[in-house]
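Single-letter residue listing:
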Amino acid sequence: MCGIVGYIGDRPAAPILLDGLARLEYRGYDSAGIALPDLHGGIAIHKAPGKLSGLIQSLASVALQGTSGIGHTRWATHGTPTMVNAHPHTDCTGNVAIVHNGIVENFVELKRELEDTGHQFTSETDSEVIPHLVESYLSQGLSLQEAVRSAALRIEGANAVVAASQRDPERIVAFRLGNAGGIVVGYGENEMLLASDLP
Ligand code: GLU
């Protein structure tokens, strides 16, 4: 079982995400990554195969901005444990990023449908259908929350997901379907946290 963290508030998000992932290391994983919506309308993705310490080292000289973000430790089920397959995964525009625990049982059908409508995939994971589904619903004019809810209704299996988008940088959206590890929500002062488990 892998780990998910999310943060939104008024403190720098990256140290909180990385500390949160460290606290979830006991669950086991093969790669790690974070996504931070930046100040210029994009989302900065940082990920690495192997230990979380490797990701942290690779970030030593990187300016990590933003007060919201999502993070993940992956236990590969679909696709080898490589940088490309590590989470977060993004849509075609790079404006939607997701982290995912579980298995999208109907990802083959969804991927075919999305590719037929022009979506381009970069990883071997089942997870990548999720940001592309969210992208397709956003392009129909739905809000981030509605688009993630619509994507959740399309996927089958036990899944936990957290999504962030520059379309709505004041929000991160999470859902859990079935038992794919927990999602707990922490309420702070002017901040909220999400994680797979209490630590
Ligand atoms: N099925 C997804 C993958 O292989 C998520 C695995 C996990 O729960 O870490 O990337």
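Before reading on, note that the structure itself is shown above.
Rules used throughout
Residues numbered from 1 in each chain as written. Predicted model: local features only at pLDDT ≥ 70, side-chain atom pairs only at ≥ 80, totals over all residues. Heavy atoms only, no water. Near = heavy atom within 4 Å. Polar contact = N/O pair within 3.5 Å; in protein donor to acceptor, adjacent residues only side chain to side chain. Areas by Shrake-Rupley, 256 points an atom, 1.4 Å probe, with all protein chains shown as cover. Helix = DSSP H or I, 4+ residues; strand = E, 2+ residues; numbered from the N terminus. Core = buried A, V, L, I, M, F, W, Y, C linked by side-chain atoms within 4.5 Å. Buried < 20%, exposed > 50% of the residue type's maximum accessible area, 1.4 Å probe, protein only. Contact = heavy atoms within 4.5 Å. Pairing = 2+ DSSP bridges. Axes fitted to C-alpha atoms, helices over the stretch in contact; angles between N-to-C directions.

Draft legend 1. Representation of the site of the ligand in the model. Residues in close proximity to the ligand total 14 residues, the closest being C2, R74, T77, H87 and D126. In this structure, an oxygen atom belonging to the ligand sits 2.9 Å away from a main-chain N or O atom of W75. In this structure, H78 approaches the ligand through a main-chain N or O atom, which is 3.1 Å from an oxygen atom. For the ligand, whose free accessible area comes to 300 Å², the fraction covered by protein is 97%. Listed by contribution, the elements that provide at least two residues to the shell around the ligand are β4 (68–74) and β6 (96–102). Broken down by element, the shell around the ligand gets its largest block of residues, three residues, from β6.

Draft legend 2. View of the nonpolar core. V104, V129, I130, L133, V134, V148 and I155 are the most contacted members of the largest nonpolar core, which has 23 residues in total. Top contributing element to this core by residue count: helix α4 (residues 129–139), with six residues. In contact with V129, other than residues within four places in its own chain, are V104, F107, L110, K111, L114 and F121. Counting residues in each nonpolar core, the second largest holds 18 residues, with L24, Y29, L55 and A195 among its members.

Draft legend 3. Structural context of the sheet that holds β6. Strand order across the open sheet formed by four strands is β5-β6-β7-β8, with antiparallel pairing between neighbours. Taken across any chain shown, the strands that pair with only one partner, and hence form the sheet edges, are β5 (89–90) and β8 (172–177). Bridge count between β5 and β6: two bridges; the pairing is antiparallel. By the bridge assignment, T90 is partnered in β6 with A97.

Draft legend 4. Quick look at the sheet that holds β4. As summarised here, the arrangement of the six strands in space is β3-β2-β4-β1-β10-β9, forming an open sheet in which the pairing is antiparallel. The two strands at the open ends of the sheet, each matched to only one other strand, are β3 (43–49) and β9 (184–188). If you compare each strand with its neighbour and ignore which way they point, the axes differ by 10 degrees on average. Two strands pair when backbone bridges link them, and strand β1 (residues 3–8) and β4 are joined in this way by six bridges, in the antiparallel orientation. Along β4, the bridge assignment pairs I8 with S68. Against the sheet, helix α1 (residues 13–23) touches β1, β2 (31–37), β4 and β10 (191–195), its axis set at about 155 degrees to β2.

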